[in-house]
Amino acid sequence: QVQLVESGGGLVQAGGSLRLSCAVSGSIFSISGAGWYRQAPGNRRELVAVITSGGLTNYVDSVKGRFTISRDNAKNTLYLQMSSLKPEDTAVYYCNAVVRRLGWGHESEYWGQGTQVTVSS
(Lines give C-alpha, C1' and ligand atoms only; values in the text may rest on other atoms or scores of the structure.)
Protein backbone atom coordinates (compact mmCIF):
# COMPACT_ATOMS: atom_id res chain seq x y z
CA GLN A 1 0.00 0.00 0.00
CA VAL A 2 1.19 3.53 -0.81
CA GLN A 3 -0.19 6.72 0.70
CA LEU A 4 0.32 10.37 -0.23
CA VAL A 5 -0.58 12.88 2.45
CA GLU A 6 -0.54 16.61 1.69
CA SER A 7 -0.22 19.37 4.26
CA GLY A 8 0.44 23.09 4.39
CA GLY A 9 -2.65 24.49 2.72
CA GLY A 10 -4.67 27.31 4.21
CA LEU A 11 -5.88 30.86 3.82
CA VAL A 12 -3.43 33.56 2.81
CA GLN A 13 -3.67 37.12 1.53
CA ALA A 14 -2.69 37.97 -2.01
CA GLY A 15 1.06 38.42 -2.24
CA GLY A 16 1.67 35.93 0.54
CA SER A 17 3.39 32.57 0.58
CA LEU A 18 2.61 28.99 1.46
CA ARG A 19 4.61 25.79 1.39
CA LEU A 20 2.85 22.55 0.59
CA SER A 21 4.31 19.19 1.56
CA CYS A 22 3.42 15.72 0.36
CA ALA A 23 4.70 12.74 2.32
CA VAL A 24 4.79 9.46 0.43
CA SER A 25 4.72 6.38 2.62
CA GLY A 26 4.28 2.64 2.32
CA SER A 27 6.14 -0.20 0.69
CA ILE A 28 8.16 1.99 -1.66
CA PHE A 29 11.02 0.82 -3.82
CA SER A 30 11.39 4.01 -5.81
CA ILE A 31 9.59 7.20 -6.82
CA SER A 32 10.17 8.45 -10.32
CA GLY A 33 8.16 11.44 -11.53
CA ALA A 34 6.09 13.48 -9.12
CA GLY A 35 4.03 16.60 -9.36
CA TRP A 36 1.43 18.98 -8.07
CA TYR A 37 -1.98 19.53 -9.65
CA ARG A 38 -4.81 21.86 -8.71
CA GLN A 39 -8.51 22.07 -9.26
CA ALA A 40 -10.63 25.16 -8.75
CA PRO A 41 -14.43 24.94 -8.48
CA GLY A 42 -15.97 24.40 -11.90
CA ASN A 43 -12.59 23.83 -13.51
CA ARG A 44 -10.71 20.78 -14.68
CA ARG A 45 -7.74 19.54 -12.71
CA GLU A 46 -4.59 21.13 -14.12
CA LEU A 47 -0.93 20.36 -13.84
CA VAL A 48 0.97 22.96 -11.81
CA ALA A 49 4.51 21.58 -11.62
CA VAL A 50 6.41 18.35 -12.11
CA ILE A 51 9.80 17.07 -11.05
CA THR A 52 11.75 14.04 -12.22
CA SER A 53 13.73 11.69 -10.04
CA GLY A 54 16.82 13.59 -11.12
CA GLY A 55 15.41 16.95 -10.15
CA LEU A 56 14.41 18.34 -13.53
CA THR A 57 11.36 20.58 -13.21
CA ASN A 58 8.64 22.07 -15.34
CA TYR A 59 5.83 24.49 -14.55
CA VAL A 60 2.60 25.74 -16.02
CA ASP A 61 3.16 29.23 -17.39
CA SER A 62 0.86 30.90 -14.85
CA VAL A 63 3.09 29.94 -11.90
CA LYS A 64 6.56 30.26 -13.42
CA GLY A 65 8.75 32.49 -11.30
CA ARG A 66 6.38 32.25 -8.34
CA PHE A 67 6.22 28.54 -7.46
CA THR A 68 9.09 26.12 -6.85
CA ILE A 69 8.74 22.35 -6.77
CA SER A 70 11.32 20.26 -4.95
CA ARG A 71 11.73 16.82 -3.46
CA ASP A 72 13.65 15.16 -0.66
CA ASN A 73 14.33 11.65 -1.89
CA ALA A 74 15.66 10.51 1.48
CA LYS A 75 12.37 11.47 3.11
CA ASN A 76 10.11 10.53 0.18
CA THR A 77 8.60 14.00 0.42
CA LEU A 78 7.52 16.43 -2.27
CA TYR A 79 7.24 20.18 -1.75
CA LEU A 80 5.67 23.15 -3.47
CA GLN A 81 6.85 26.57 -2.36
CA MET A 82 4.29 29.14 -3.48
CA SER A 83 5.08 32.85 -3.39
CA SER A 84 3.39 36.01 -4.65
CA LEU A 85 0.10 34.19 -4.43
CA LYS A 86 -2.86 35.49 -6.38
CA PRO A 87 -6.61 34.94 -5.88
CA GLU A 88 -6.63 32.88 -9.07
CA ASP A 89 -4.30 30.38 -7.36
CA THR A 90 -7.21 29.41 -5.11
CA ALA A 91 -7.86 25.69 -5.58
CA VAL A 92 -7.52 22.27 -4.05
CA TYR A 93 -3.94 21.17 -4.59
CA TYR A 94 -3.16 17.49 -5.14
CA CYS A 95 0.17 15.73 -5.18
CA ASN A 96 0.87 12.91 -7.57
CA ALA A 97 3.67 10.38 -7.68
CA VAL A 98 4.70 7.47 -9.86
CA VAL A 99 5.85 4.75 -7.48
CA ARG A 100 7.38 1.33 -7.81
CA ARG A 101 6.42 -0.73 -4.80
CA LEU A 102 8.76 -3.19 -3.16
CA GLY A 103 8.59 -6.52 -4.93
CA TRP A 104 6.63 -5.10 -7.85
CA GLY A 105 7.98 -5.07 -11.40
CA HIS A 106 6.05 -2.02 -12.57
CA GLU A 107 5.19 1.52 -11.54
CA SER A 108 1.77 2.84 -10.56
CA GLU A 109 0.41 6.35 -10.17
CA TYR A 110 -0.88 7.55 -6.82
CA TRP A 111 -2.72 10.67 -5.65
CA GLY A 112 -3.06 12.49 -2.38
CA GLN A 113 -6.39 13.56 -0.94
CA GLY A 114 -5.83 17.24 -1.66
CA THR A 115 -5.29 20.34 0.43
CA GLN A 116 -7.22 23.59 0.08
CA VAL A 117 -5.38 26.79 -0.76
CA THR A 118 -7.41 29.98 -0.58
CA VAL A 119 -5.93 33.34 -1.55
CA SER A 120 -7.92 36.40 -0.54
CA SER A 121 -7.71 39.69 -2.40
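All values reported here derive from a predicted model rather than from experimental measurement. (Residues numbered from 1 in each chain as written. Predicted model: local features only at pLDDT ≥ 70, side-chain atom pairs only at ≥ 80, totals over all residues. Heavy atoms only, no water.)

1. Focus on the environment of P87
Within the fold, P87 resides in the loop between β8 (77-82) and β9 (91-101). A relative accessible area of 34% places P87 in the partly exposed class. Setting aside chain neighbours within four positions, we find P87 in contact with A14, V119 and S121. (Helix = DSSP H or I, 4+ residues; strand = E, 2+ residues; numbered from the N terminus. Buried < 20%, exposed > 50% of the residue type's maximum accessible area, 1.4 Å probe, protein only. Contact = heavy atoms within 4.5 Å.)

2. Quick word on the side chain of E6
Along the chain, E6 turns up in strand β1 (residues 2-7). Engagement of the side chain of E6 in a polar contact is seen with the backbone nitrogen of C95, the distance being 2.8 Å. (Polar contact = N/O pair within 3.5 Å; in protein donor to acceptor, adjacent residues only side chain to side chain.)

3. Structural notes on the environment of N73
Following the sequence through the fold, N73 ends up in the loop between β7 (67-72) and β8. Remark: the alpha-carbon pair of N73 and S30, spanning 43 residues in sequence, is separated by 9.1 Å.

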